Number of protein chains: 2
Amino acid sequence: MRDSKTTSTSAARVGVRYCLPTPSTALALRPTVIASISPSTTWWRSTKISTTVLIKRPSCPSPKKAVAMTNPALLSRSQLHDNRFFELRDDTLGLADGKEYHYYSLNSKFDVVVVIPLLDDGRLVLEHIYRHPYGQRMWEFPAGGIEPGEDPLAAGARELEEETGYTASKLRCLQSFEVMPGLLSMRMHLVLAQGLRADGTTALEDMELLEVQSLSQEQAWALTIQPPVSSFLTMGLLALDRHLRGPAAASGA
Amino acid sequence: MRDSKTTSTSAARVGVRYCLPTPSTALALRPTVIASISPSTTWWRSTKISTTVLIKRPSCPSPKKAVAMTNPALLSRSQLHDNRFFELRDDTLGLADGKEYHYYSLNSKFDVVVVIPLLDDGRLVLEHIYRHPYGQRMWEFPAGGIEPGEDPLAAGARELEEETGYTASKLRCLQSFEVMPGLLSMRMHLVLAQGLRADGTTALEDMELLEVQSLSQEQAWALTIQPPVSSFLTMGLLALDRHLRGPAAASGA
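Residues numbered from 1 in each chain as written. Chains lettered and ligands numbered in written order. Predicted model: local features only at pLDDT ≥ 70, side-chain atom pairs only at ≥ 80, totals over all residues. Heavy atoms only, no water.

Engineer: Whenever I open this one, the interface of chain A and chain B confuses me. Can you help?
Structural biologist: Many descriptions give the size of an interface as the accessible area lost when the pieces come together. Every contact between the two is made by 89 residues of chain A and, on the other side, 89 residues of chain B. Linking chain A with chain B are 2 salt bridges. Between R242 of chain B and D241 of chain A there is a salt bridge; the shortest N-O distance is 3.3 Å. The interface formed by chain A and chain B includes 18 residue pairs in polar contact (both at pLDDT 80 or more). Of all the elements, helix 6 (residues 231-245) of chain A adds the most residues to the side of chain A that touches chain B, at 10 residues. For the side of chain A that touches chain B, the residue count by class is 49 nonpolar, 23 polar and 17 charged. (Contact = heavy atoms within 4.5 Å. Salt bridge = Lys/Arg side-chain N within 4 Å of Asp/Glu carboxyl O. Polar contact = N/O pair within 3.5 Å; in protein donor to acceptor, adjacent residues only side chain to side chain. Helix = DSSP H or I, 4+ residues; strand = E, 2+ residues; numbered from the N terminus. Nonpolar A, V, L, I, M, F, W, Y, C, P; charged D, E, K, R; others polar.)

Here it is as structure tokens:
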């Protein structure tokens, strides 16, 4: 995600979508995503990169409404910190028994996409990327923030090209979910990228210290055994595994 | 996780394990986990709950050393906020081209466990729990913080009983990974719980506003389609799916 794109519009988008009782405003702020509800298959051409991407709409599911919760009550809210990525809030909640509870949470200014780039020969395109909270490099799938109004599949195509130089002719959303629902308001989309060609142009940001490598699926799974291992790698491999074998009902114990 | 247990020892444990160049100190602070390397099968009895749990050691893999990274350089560190759950840091990093970069990250004071409770008839025990960052209730697997020095499987058994009243005779670690490696230092363990009996005692904390229900795996998967959906549900189902069908190599594109 570009710094210049994380504007106050982005913050408002996330805040409205999840927290404020004005779902109609949230819809108005996300015209691209809302427009993607149509179930027809269309061609979409990115204006930022040279890739032509086949997107089967609807792409990745997005929250469409906020359900008001009456319990617990929000008594007050303090913004403890704010940067271009997230806002740290201290909410004082009133519990049913009269107690007050300080709930600390991050209001993220962007959702994220993780791309699973599957080459025609079955190998995967992975990154070895520096992760500062651990002071180590980890193997991951390409990932990044979704810009305001950007479709998750388009964001996946963009991040894939910017970080690896690969373009994709087929993109498909495998899973979407709220990343850490007790701590953080952020939705993550796992996107399968196929029809890959190494004909794109990389554009790494300052902190994207990474190397790209192609590994077999077996080699990638082997990387998930030894810590530290990124959830981006593990969740992507799990979703790919289910996708390739089909979501047939598994047996019981 | 109990508030009283998130002491400075816990903070030191997490910090040392991932960030400081003293791996031997990290080992000394985690005697329980280090001791679990022995590959023998042992019986372990929790001192906090009434469950007897068969733990096949080693249980969940844990990071054992910190690898020093020389790039980028940590120029300075500010603690912007601190609570009983996490610390917010602003690290000034020196990049190779001479630029300075402000890296905001959370240093979590605990790792987490997500329990996948699989009943003998193939159904799953789920929770419908209030998640304040979204102002909504979500379907999830039981989950919670791992106390200082606590084995992830023991933490899973404890959280399962405290939140649902079920005890388990078999616990097994399916996947372990760093949750949000670019934002947060926190390891998550996905633990499969079998041999379930509804003979335990629940002990809910203030903000654990939840209801427990048993659903088929198909019903649980259906809950992952409509947002918002918790990663705790989605990741648990993906890991269970792979486990039940076996990790046989999947075919390519």
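Engineer: Just to check I follow, could you spell out unusual backbone geometry for this structure?
Structural biologist: Excluding glycine, residues mostly carry a negative phi; peptide bonds, for their part, are mostly trans. Between P227 of chain A and P228 of chain A the backbone carries a cis peptide bond, its omega angle lying at -10 degrees. Within the fold, P228 of chain A resides in the loop between helix 5 (217-222) and helix 6.

Engineer: It is not clear to me how the environment of T92 of chain B should be interpreted in this structure. Could you clarify?
Structural biologist: Within the fold, T92 of chain B resides in strand 4 (residues 86-94). Taking the C-alpha atoms as reference points, T92 of chain B and Y104 of chain B, 12 residues apart in sequence, are found 8.9 Å from one another.

Engineer: How should I be thinking about the relation of the copies chain A and chain B in this particular structure?
Structural biologist: Each of the two chain copies can be brought onto the other by rotation about an axis and movement along it. The operation relating chain A to chain B is a screw motion whose rotation component is 180 degrees, with 0.0 Å of axial translation and a residual RMSD of 0.0 Å. On the angle and the small slide along the axis, the relation comes out as a two-fold axis. Closest approach to the rotation axis among the C-alpha atoms of chain A is made by L238 of chain A, whose C-alpha sits 2.9 Å away. Here 100% of the contact residues of chain A are again contact residues in chain B; the copies associate through an equivalent surface. (Least-squares fit on C-alpha atoms with pLDDT ≥ 70 in both.)

Engineer: Would you mind showing me how to read the packing of aromatic side chains here?
Structural biologist: Two aromatic rings, taken as a pair, are described by how far apart their centres are and by the angle between their planes. As enumerated under the stated definition, the model contains 4 aromatic pairs over all chains in all. Taken together, a centroid distance of 6.2 Å and an interplanar angle of 75 degrees make the contact between F85 of chain A and F110 of chain A edge-to-face. A residue pair is termed long-range when its members are at least 10 positions apart, and F85 of chain A in the loop between strand 3 (73-82) and strand 4 (86-94) and F110 of chain A in the loop between strand 5 (100-108) and strand 6 (112-117) qualify at 25 residues. Each member of the pair, F85 of chain A as well as F110 of chain A, carries the same accessibility label: buried. An angle of 50 degrees between the planes, with centres 6.1 Å apart, marks the rings of Y101 of chain A and Y103 of chain A as tilted. Here the two residues Y101 of chain A and Y103 of chain A agree in accessibility, since each one is buried. The cationic tip of R242 of chain A hangs over the ring face of W221 of chain B; the distance from NZ or CZ to the ring centre is 3.5 Å. (Phe/Tyr/Trp six-rings, centres within 6.5 Å; stacked < 30°, edge-to-face > 60°. Buried < 20%, exposed > 50% of the residue type's maximum accessible area, 1.4 Å probe, protein only. Lys NZ or Arg CZ within 6 Å of the ring centre and 35° of its normal.)

Engineer: Just to check I follow, could you spell out the confidence of the model for chain A for this structure?
Structural biologist: Low pLDDT marks regions whose predicted coordinates should not be analysed in detail. All names here are of chain A. Across chain A, the average pLDDT comes to 77, with 72% of residues at or above 70. The model gives residues 1-53 a pLDDT under 50, and that stretch makes 106 contacts with residues more than four places away or in other chains. Below a pLDDT of 50 lies the segment residues 249-253, which in the model reaches 14 contacts outside its immediate sequence neighbourhood of four places, other chains included. Both scores are given for the predicted complex: the pTM is 0.75, the ipTM 0.74. (pLDDT = per-residue confidence, 0-100.)

Engineer: What is the right way to look at the nonpolar core in this model?
Structural biologist: General note: in soluble globular proteins, nonpolar side chains tend to be found buried as a group. M180 and M188 of chain A together with M180 and M188 of chain B are the most contacted members of the largest nonpolar core, which totals 77 residues. With residues near it in sequence (within four places) discarded, M180 of chain B still touches V179, M186, M188, S231 and F232 of chain A. (Core = buried A, V, L, I, M, F, W, Y, C linked by side-chain atoms within 4.5 Å.)

Engineer: What's the story with the environment of L88 of chain B in this structure? I'm lost.
Structural biologist: Within the fold, L88 of chain B resides in strand 4. By relative accessible area, L88 of chain B is classed as buried at 0%. Separated by 10 residues in sequence, L88 of chain B and S78 of chain B place their C-alpha atoms 8.5 Å apart. When near neighbours in sequence (up to four residues on either side) are disregarded, L88 of chain B contacts H81, F86 and L88 of chain A together with S78, Q79, L80, H81, S105 and L106 of chain B.

Engineer: For this particular structure, what's the right way to read the pattern of salt bridges?
Structural biologist: Opposite charge on two side chains allows them to pair when their charged atoms are near. Enumeration according to the criterion identifies 26 salt bridges over all chains in this entry. R158 of chain B is the partner of E159 of chain B in a salt bridge, and the nearest nitrogen-oxygen pair spans 3.1 Å. Like E159 of chain B, the residue R158 of chain B is buried in the burial classification. Here the salt bridges do not stand alone but share partners, grouping E147, E150, R158, E159 and E162 of chain A into one network.

Engineer: Just checking my understanding: could you explain the pairing of strand 3 of chain A for this structure?
Structural biologist: Walk down a regular strand and you will see the side chains alternate between the two sheet faces. Residue and element names in this part refer to chain A. In the sheet, strand 3 pairs with strand 4 via 8 bridges, with the strands oriented antiparallel. Bridge pairing in strand 4 places S78 opposite D90. Here strand 3 folds back onto strand 4, and the loop between the two strands holds 3 residues. (Pairing = 2+ DSSP bridges.)

Engineer: So what exactly am I meant to see when it comes to the sheet that holds strand 8 (residues 136-140) of chain B here?
Structural biologist: Hydrogen bonds between backbone atoms are what pair the strands of a sheet, whose relative direction is either parallel or antiparallel. Residue and element names in this part refer to chain B. Strand order in the open sheet made by the 3 strands is 8-7-13, with antiparallel pairing throughout. In this open sheet, the two edge strands, each paired with only one partner strand, are strand 8 and strand 13 (210-215). Taken over all neighbouring pairs, the strand axes of this sheet differ in orientation by 25 degrees on average, direction set aside. When strand 7 (residues 124-131) meets strand 8, the two strands line up antiparallel, connected through 5 bridges. Each residue of the ladder has a partner; that of I129, found in strand 8, is M138. The strands that helix 6 (residues 231-245) touches are strand 7 and strand 8; relative to strand 7, the one it contacts most, it runs at about 160 degrees. (Axes fitted to C-alpha atoms, helices over the stretch in contact; angles between N-to-C directions.)

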